[in-house]
Amino acid sequence: MAGGSSPGGGRSPNRRWPHPSCTVPTTTPCGGLAPAECRCPTDRGRPTLGPRRRRPAPGLRQLRRRGRGRHQRPRRRRAGMRPSAQRRRRDEVRWEFRPQGKMSAMPSPAPDRDPLAGDQLIKIWFKFVPREGWLPYDTEGLWGVAAGPDTARICNAPFLQDGVAEGDVVRFTMDSDGLRWATGRVEASGNCTVRVLPDPHGPLGPSAKAVYDRLAPFGLGGETFSKELPLVAFTVPASADIPAIKATLLRGKAEGWWSFEAGCATEEWTTA
């Protein structure tokens, strides 16, 4: 009678579950044991044609195709957020705690100025939004002379505040700390504010004195921001030779002496 011999020495003429490791020769799976009691290395009580092969572990190519290994958790994303939004969120956090470049300092008050000669001087503060890529200051204090209970005439050429010139009358309010904050200009003086910054790599170098010397023939008064930053703020009165001053400034800019801007310009300056 054809049939394979079992490891126990018996023959099974109707052997449908050949378990090579089973030691009980019988035609029923594992000698009639319940599937839970079967100790054969193959599937318990399952009809097979031989020992079942173990599934090989996923190779490198399969892991790459899946995008992650077995040991890694699947990535979760927040409800209502697209993956691109999540990447932007991670970039913001990385930038906040690990800046990858030079960042500007937090806004702060501009350096205080020395008081001018006089007993009736008061400090008027101006608040503004810092210019991107420029000095990180958001307030500037200018000296002034009281012109009324809530007004003052400015006595400085502003380095940062636009729309104000020396001689203008501004209105202010006082806060709980006793600081006077400007709220607007109530009277224009007709003067202009021009700021000149020498090019450190130009013919004049980083010298504020060289800037004063070039504009000395016009009799302009000005102030220097600091030794490290030779920014000069000039007050151009309405009676000055505005076309000649403007031509000199444009010539110096073309020849690489300096760069300049008009922080407070009148119609005469604009049309000159």
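None of these values were measured; they are calculated from a predicted model. (Residues numbered from 1 in each chain as written. Predicted model: local features only at pLDDT ≥ 70, side-chain atom pairs only at ≥ 80, totals over all residues. Heavy atoms only, no water.)

*Asks:* Explain the overall build of the protein chain residue by residue, including any values.
*Replies:* On a plain count of helices and strands, the protein chain comes out with five helices and 10 strands. The buried share of the protein chain, reckoned over its 272 residues, is 31%. Considering only contacts in the protein chain between residues 6 or more positions apart, those separated by 24 or more positions represent 49%. Surface summary for the protein chain: the accessible area is close to 18,500 Å², and the carbon and sulfur share equals 51%. (Helix = DSSP H or I, 4+ residues; strand = E, 2+ residues; numbered from the N terminus. Buried < 20%, exposed > 50% of the residue type's maximum accessible area, 1.4 Å probe, protein only. Contact = heavy atoms within 4.5 Å. Areas by Shrake-Rupley, 256 points an atom, 1.4 Å probe, with all protein chains shown as cover.)

*Asks:* Lay out the pattern of salt bridges in plain terms, naming residues and giving numbers.
*Replies:* Evaluated as defined, the whole model comprises eight salt bridges. A salt bridge links Arg-185 to Asp-168; its shortest N-O distance comes to 3.0 Å. Pair noted here: Arg-185 is in strand β6 (residues 180-187) and Asp-168 is in the loop between β4 (151-154) and β5 (169-174), with a separation of 17 residues, a long-range link. Judged by relative accessible area, which is 43%, Arg-185 ranks as partly exposed. Here Glu-255 and Arg-251 are joined by a salt bridge, their closest N and O atoms 3.3 Å apart. On the accessibility criterion, Glu-255 (42% relative accessible area) is partly exposed. If you follow the salt bridges from partner to partner, you end up with Arg-131, Asp-162, Arg-195 and Glu-261 in one network. (Salt bridge = Lys/Arg side-chain N within 4 Å of Asp/Glu carboxyl O.)

*Asks:* Break down helix α4 (residues 242-254) for me, with residues and values.
*Replies:* Relative to the 18 Å expected for 13 residues at 1.5 Å per residue, α4 spans 18 Å between its end C-alpha atoms, a close match to the ideal helical length. Ile-242, Ile-245, Lys-246, Thr-248, Leu-249 and Gly-252 are the residues of α4 that are buried. For α4, the angular spread of the buried residues around the axis is 155°, confining them to a single face. Those residues of α4 hidden inside the fold are in contact with β7 (192-198), α3 (208-215), β9 (232-236), β10 (258-264) and α5 (267-271). One or two steps after α4, the chain reaches Gly-256, where phi turns positive at roughly 80°. (Expected span 1.5 Å × (residues − 1). Arc of directions from axis to C-beta.)

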